[in-house]
Amino acid sequence: MTDLTPPAAALSGTVELRTADGWLAVCAADELLPGRGVAALLPDGRQAALFRDRSGRLYAIGNVDPFTGAGVLSHGLVGTHQDRTYVASPLLKQRFDLADGRCLDDDTVAVDSYPVRVASAAAIAR
């Protein structure tokens, strides 16, 4: 499940993703470039890939490609298919739905997905 965020021009604050321990600050919202991903190391040792699409929505899924075991999904190409935003793995090109982590090319495979939000600087200072 992914929270929708305002249009790209309106993003400011800190991007956070929800883990089992609560909200984890990852980076400044303006550091996420539309159509590109970034990787984050989670407290439990897993990796997440965060994306900002061209309309400004944020997504976070697991970064490890389940077909190869490599932490590369953050380097994949972002696209859309039938109104679904996905990232294509840079290795074998399987597409993963950014909203829920399902593989669009093999419905028996999925990666984790994480709720994402943008916290304002004022909220973080509290």
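Residues numbered from 1 in each chain as written. Predicted model: local features only at pLDDT ≥ 70, side-chain atom pairs only at ≥ 80, totals over all residues. Heavy atoms only, no water.

Peer 1: How should I be thinking about the nonpolar core in this particular structure?
Peer 2: It is characteristic of soluble globular proteins that their nonpolar side chains tend to be buried jointly. Within the largest apolar cluster, 14 residues are counted, with the highest numbers of intra-cluster contacts made by Val15, Leu17, Ala48, Leu50, Leu58, Ala60 and Tyr114. Elements with a contribution of two residues or more to this core: strand 1 (14–19), strand 4 (47–52) and strand 5 (58–62). Apart from residues lying up to four places away in sequence, Val15 is in contact with Leu24, Ala25, Val26, Cys27, Ala28, Ala29, Leu32, Leu50, Leu58, Val116, Arg117 and Val118. In this structure, Tyr59, Val87, Leu98 and Val111 belong to the second largest nonpolar core, which totals 11 residues. (Core = buried A, V, L, I, M, F, W, Y, C linked by side-chain atoms within 4.5 Å. Buried < 20%, exposed > 50% of the residue type's maximum accessible area, 1.4 Å probe, protein only. Helix = DSSP H or I, 4+ residues; strand = E, 2+ residues; numbered from the N terminus. Contact = heavy atoms within 4.5 Å.)

Peer 1: Looking at this structure, I do not really get the sheet that holds strand 7 (residues 84–88). What am I missing?
Peer 2: Strand pairing in a sheet is mediated by backbone hydrogen bonds. Such pairs are either parallel or antiparallel. One open sheet holds the three strands; their spatial order is 6-7-8, and the pairing between them is antiparallel. The sheet is open, and its two edges are formed by strand 6 (77–81) and strand 8 (95–97), each paired on a single side. Neighbour-to-neighbour, the strand axes of this sheet turn through a mean angle of 40°, independent of strand direction. Relative to strand 7, strand 6 is paired through five bridges, and the arrangement is antiparallel. What sits directly across from His81, in strand 7, is Arg84. (Pairing = 2+ DSSP bridges. Axes fitted to C-alpha atoms, helices over the stretch in contact; angles between N-to-C directions.)

Peer 1: Help me understand the packing of aromatic side chains in this model?
Peer 2: Two aromatic rings, taken as a pair, are described by how far apart their centres are and by the angle between their planes. A full pass over the atoms with the stated rule returns one aromatic pair. Seen from their ring centres, Phe67 and Phe96 are 6.3 Å apart, and the 50° between their planes marks the pair as tilted. On the criterion of sequence distance, the pair formed by Phe67 in the loop between strand 5 and strand 6 and Phe96 in strand 8 is long-range, its members being 29 residues apart. Cation over ring: Arg95 sits above Tyr86, and NZ or CZ is 5.4 Å from the ring centre. (Phe/Tyr/Trp six-rings, centres within 6.5 Å; stacked < 30°, edge-to-face > 60°. Lys NZ or Arg CZ within 6 Å of the ring centre and 35° of its normal.)

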